Amino acid sequence: MGEELGCHGSALTFLSAYLDFLPQRLATFCAAVLLEDTAAAMDRVLSLKVSSTMVGAARLAALAEVLQGLVCTGNWAAAEPLLEVLDADVAAVLAAGRAAVGISGAPG
C-alpha cells in the first residue's frame, strides 16, 4: 500500500478518505452482523471489499470477500468470530495507510 503514492496526489487523497471512513465502515458492519441485518451487512461489506481493493489492502479485501459469502448465506455464527480478525486487519491497514500518507496519531 502506498508504494506509488508519492507521485499521485489523487491517490493520496483517495487513501486519506478511505482511512477516514474505515473505522465507521468497521463499526457499522460489525453492528449489522450482530443484529443479523443482511441488507446493512451486505452494503457495508461490499463497500469495505471494493474500497480496500482500490487502495491495495489485499488482505482486508480478501477477508471482506469471505465475510460477504457468510452474509449471503446468513451464516452469522461463522461471521461473528471473524469480527475480531477484521478489527485487527483494519488496525493494521490504518497504521500502514497513515504511514504512507504521513498521518500520525491514534485511529479514529
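Keep in mind the model is a prediction, meaning the values are calculated, not measured. (Residues numbered from 1 in each chain as written. Predicted model: local features only at pLDDT ≥ 70, side-chain atom pairs only at ≥ 80, totals over all residues. Heavy atoms only, no water.)

Engineer: For this particular structure, what's the right way to read the overall build of the chain?
Structural biologist: Helices and strands together make up the secondary structure of the chain, namely 4 helices and 0 strands. Counting over 108 residues, the chain shows a buried share of 36%. When contacts within the chain are restricted to residue pairs at least 6 apart in sequence, long-range pairs at least 24 apart make up 62% of them. For the chain, the computed accessible surface area is about 5800 Å², with 59% contributed by carbon and sulfur atoms. (Helix = DSSP H or I, 4+ residues; strand = E, 2+ residues; numbered from the N terminus. Buried < 20%, exposed > 50% of the residue type's maximum accessible area, 1.4 Å probe, protein only. Contact = heavy atoms within 4.5 Å. Areas by Shrake-Rupley, 256 points an atom, 1.4 Å probe, with all protein chains shown as cover.)

Engineer: It is not clear to me how the pattern of salt bridges should be interpreted in this structure. Could you clarify?
Structural biologist: Inspection of every chain in the model, using the stated rule, returns 2 salt bridges. A salt bridge links Asp43 to Arg44; its shortest N-O distance comes to 3.1 Å. Given the relative accessible area of 45%, Asp43 is considered partly exposed. The closest approach of N and O atoms between Arg59 and Asp89, which form a salt bridge, is 3.1 Å. Of this pair, Arg59 sits in helix 3 (residues 58–73) while Asp89 is found in helix 4 (residues 76–101), placing the two residues 30 residues apart along the sequence. (Salt bridge = Lys/Arg side-chain N within 4 Å of Asp/Glu carboxyl O.)

Engineer: Would you mind showing me how to read the environment of Ala96 here?
Structural biologist: Summarising the element assignment, Ala96 is placed in helix 4. Relative accessible area serves as the criterion here: at 37%, Ala96 is assigned to the partly exposed category. With 77 residues separating them along the chain, Ala96 and Leu19 place their C-alpha atoms 10.0 Å apart.

Engineer: I tried to follow helix 2 (residues 38–55) on my own but got confused; where do I start?
Structural biologist: Side chains that are three or four residues apart share a direction in an α-helix, a result of its 3.6 residues per turn. Its 18 residues give helix 2 an end-to-end C-alpha distance of 26 Å, which sits within 8% of 26 Å, the value for a rise of 1.5 Å per residue. Looking only at helix 2, the buried set comprises Ala41, Met42, Val45, Ser47, Leu48, Lys49, Ser51, Ser52 and Val55. Among the residues of helix 2, the N-terminal cap falls to Asp37, whose side-chain oxygen and the backbone nitrogen of Ala39 are separated by 3.4 Å. Directly after helix 2, the chain includes Gly56, whose backbone phi takes a positive value near 90°. (Expected span 1.5 Å × (residues − 1). Polar contact = N/O pair within 3.5 Å; in protein donor to acceptor, adjacent residues only side chain to side chain.)

Engineer: How do you make sense of the packing of helix 3 against helix 4 when you look at a structure like this?
Structural biologist: Packed helices, taken two at a time, are described by the angle between their axes plus the distance between the axes. Where helix 3 meets helix 4, the closest approach of the two axes is 10 Å, and the angle between their N-to-C directions is 160°. With respect to each other, helix 3 and helix 4 are oriented roughly antiparallel. Taken as a pair, helix 3 and helix 4 cross one another with a handedness that is left-handed. Residues Arg59, Leu60, Leu63, Val66, Leu67, Leu70 and Val71 of helix 3 lie in contact with helix 4, whose contacting residues are Trp76, Ala78, Ala79, Leu82, Val85, Leu86, Asp89, Val90 and Val93. Split by residue class, the contact of helix 3 with helix 4 holds 14 nonpolar, no polar and 2 charged. (Axes fitted to C-alpha atoms, helices over the stretch in contact; angles between N-to-C directions. Parallel < 35°, antiparallel > 145°, perpendicular 65-115°, else oblique. Left-handed = near helix turned anticlockwise from the far one by under 90°. Nonpolar A, V, L, I, M, F, W, Y, C, P; charged D, E, K, R; others polar.)

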